[in-house]
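Here's the letter readout for the chains.
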Amino acid sequence: MPLSEHEQRMLEQMERALYAEDPKFATALEGSGLRTYTRRRVYQAVAGFLVGIALLMAGMVAKQVWLSVVGFLVMLGCAVLAVTGWRKAPKPGEQPAAGGPHARRQPRQKRSMMDRIEQRWQRRRDEQGGQ
C-alpha cells in the first residue's frame, strides 16, 4: 500500500531533519543505496572509457583498423553508461527511489494527443468567451 501525499511529506521532513541534525548518522543509515551504486557505475564507465582510448591508440599504432573501431565502440558505450548513471544519481540528502537501484518507476499516465488538443481548444473557448 503506497503512502498518502501527507505521509510522504511528513517522511521527507523527518529525513531532512535527520540530515540537518546528524549527517554522518543519516549517511550511515543509507547504506549502499542508489547513490553508491550509481557512483560505482560511473567510475567503472570512466575506467572503461580509458580502456577504449588505449584500444583506439593501440589500433592506430599497430595499423589495425578493427582494434581502433572496437576501442571507439567501448568508449562510446562507456560514455553513455557514465552519463545515464550520473543523471540517475540522487543528490545527497535526497530520497532515492524505493526498492533499491533496480526499482521500476510507476508509469505516468499519458494523455492522448486528442485529449491535449481538446483541453487547449476548451481553454481558448473559455478565454474568448470571457472577453
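Within every chain, residues take consecutive numbers counted from 1 along the sequence as written. Only residues with pLDDT of at least 70 are given local features in this predicted model, and only at 80 or more are side-chain atom pairs given and counted; all residues enter the totals for whole chains, interfaces and linings. Only hydrogens and water are set aside; all other atoms, that is, all heavy atoms of the structure, feed into the side-chain values.

Going by the annotation in an unreviewed UniProt entry, the name recorded for the chain is DUF3040 domain-containing protein, with Streptomyces regalis given as the source organism.

1. Describing the overall build of the chain
So the rule is basically this: Secondary structure elements are defined from DSSP: runs of H or I of at least 4 residues count as helices, runs of E of at least 2 residues count as strands, and each element is numbered from the N terminus. Throughout this description, buried means an accessible area under 20% of the type-specific maximum (1.4 Å probe, protein chains only), exposed means over 50%, and partly exposed covers the range between. Calculation of accessible area relied on Shrake-Rupley with a 1.4 Å probe; when residues are assessed, cover is drawn exclusively from the protein chains displayed.
Helix and strand content of the chain: five helices and zero strands. Ordered by position from the N terminus, the helices and strands of the chain form the series α-α-α-α-α. In the chain, which comprises 131 residues, the proportion classed as buried is 13%. For the chain, the exposed area adds up to about 11,300 Å²; of that, 60% sits on carbon and sulfur atoms.

2. Details of the pattern of salt bridges
Close approach of charged atoms allows side chains with opposite charge to pair. The test is simple: Throughout this description, the term salt bridge denotes a Lys or Arg side-chain nitrogen within 4 Å of a carboxyl oxygen of Asp or Glu.
Under the criterion given, the structure shown has one salt bridge. Between Glu12 and Arg16 there is a salt bridge, with the nearest N and O atoms lying 3.8 Å from each other. Of this pair, Glu12 and Arg16 are both found in helix H1 (residues 5-21), four residues apart, which corresponds to roughly one turn of the helix. The class for Glu12 is partly exposed, based on a relative accessible area of 37%.

3. Examining the UniProt feature "transmembrane region" (unreviewed entry) in the chain
The test is simple: UniProt positions are given in the numbering used here, feature names are shortened, and annotations may be inferred rather than shown by experiment.
According to UniProt, the feature "transmembrane region" (unreviewed entry) maps to residues 42-60 and 66-86 in the numbering used here. Helix and strand shares over residues 42-60 are 100% and 0% respectively, and the end C-alpha atoms of the span are 27 Å apart.

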